[in-house]
Amino acid sequence: MLPELPPLPALTRAECELIDRYLEVVDLLGRINPARGGDTYSCLRAAQALVSRAAALRDALTVMHRRGETEVYEETLARALRVLDGERRAGRVTVPPPSPS
């Protein structure tokens, strides 16, 4: 039986949209990361998808701003990212440590 995940913190609909779109962009950047290997076609497809996902992220932030949500509550949003496996997903964007020679 899998361990129970902590609950997501209370978020506005716009904050949920921001988190979802951000993680989509992070996932695509992880697929594009040349330090992680893969084939050029997969990277190309991810790069093509990145354009629309980045626009969706921009739109989510625009909605927040227009609704008067002018502050980003980093502790709350970081907690949501952790629950949604954001640390592992963002780790694919970084350069991996060198392999021992």
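Residues numbered from 1 in each chain as written. Predicted model: local features only at pLDDT ≥ 70, side-chain atom pairs only at ≥ 80, totals over all residues. Heavy atoms only, no water.

*Asks:* Quick question: what am I supposed to make of the nonpolar core here?
*Replies:* Inside soluble globular proteins, nonpolar side chains tend to come together where they are buried. Residues Ala 14, Leu 18, Ile 19, Leu 23, Val 25, Leu 28, Ala 46, Leu 50, Leu 57, Met 64 and Leu 77 constitute the largest nonpolar core, which totals 11 residues. For this core, the element with the most residues is helix 1 (residues 13-32), which contributes 6 residues. Setting aside chain neighbours within four positions, we find Leu 28 in contact with Ala 46, Ala 49, Leu 50 and Arg 53. (Core = buried A, V, L, I, M, F, W, Y, C linked by side-chain atoms within 4.5 Å. Buried < 20%, exposed > 50% of the residue type's maximum accessible area, 1.4 Å probe, protein only. Helix = DSSP H or I, 4+ residues; strand = E, 2+ residues; numbered from the N terminus. Contact = heavy atoms within 4.5 Å.)

*Asks:* Before we go on, may I ask you to explain the side chain of Glu 69 in this structure?
*Replies:* Looking at the secondary structure, you find Glu 69 in the loop between helix 2 (40-66) and helix 3 (74-83). In this structure Glu 69 touches Thr 12, Ala 14, Glu 15 and Met 64, once residues within four positions along its chain are discounted.

*Asks:* What's the story with helix 1 in this structure? I'm lost.
*Replies:* Between the first and last C-alpha of helix 1 there are 29 Å, a value that for 20 residues agrees with the 28 Å anticipated at 1.5 Å per step. Taken residue by residue, helix 1 has Ala 14, Glu 15, Leu 18, Ile 19, Arg 21, Leu 23, Val 25, Val 26, Leu 28 and Gly 30 as its buried positions. Buried-residue contacts for helix 1 involve helix 2, helix 3 and helix 4 (86-91). (Expected span 1.5 Å × (residues − 1).)

*Asks:* Looking at this structure, how should I read unusual backbone geometry?
*Replies:* Leave glycine aside and you will find that most residues have negative phi; peptide bonds, for their part, are mostly trans. One non-glycine residue, Asp 85, lies in the positive phi region at around 65°. Positionally, Asp 85 belongs in the loop between helix 3 and helix 4.

*Asks:* When you look at the pattern of salt bridges in this model, what are you seeing that I'm missing?
*Replies:* As enumerated under the stated definition, the model contains 8 salt bridges in all. The partner of Asp 27 in a salt bridge is Arg 89, with the nearest N and O atoms 2.6 Å apart. Taken as a pair, Asp 27 in helix 1 and Arg 89 in helix 4 lie far apart in primary sequence, 62 residues in all. Looking at Asp 27, the relative accessible area reads 30%, which means it is partly exposed. (Salt bridge = Lys/Arg side-chain N within 4 Å of Asp/Glu carboxyl O.)

*Asks:* Sorry if this is basic, but what is going on with the environment of Asp 39 here?
*Replies:* Within the secondary structure, Asp 39 sits in the loop between helix 1 and helix 2. Classification of Asp 39 by relative accessible area gives partly exposed; the value is 39%. Note: C-alpha distance between Asp 39 and Thr 12 (27 residues apart in sequence) is 38 Å. A polar contact is formed between the side chain of Asp 39 and the backbone nitrogen of Tyr 41, at a distance of 3.2 Å. (Polar contact = N/O pair within 3.5 Å; in protein donor to acceptor, adjacent residues only side chain to side chain.)

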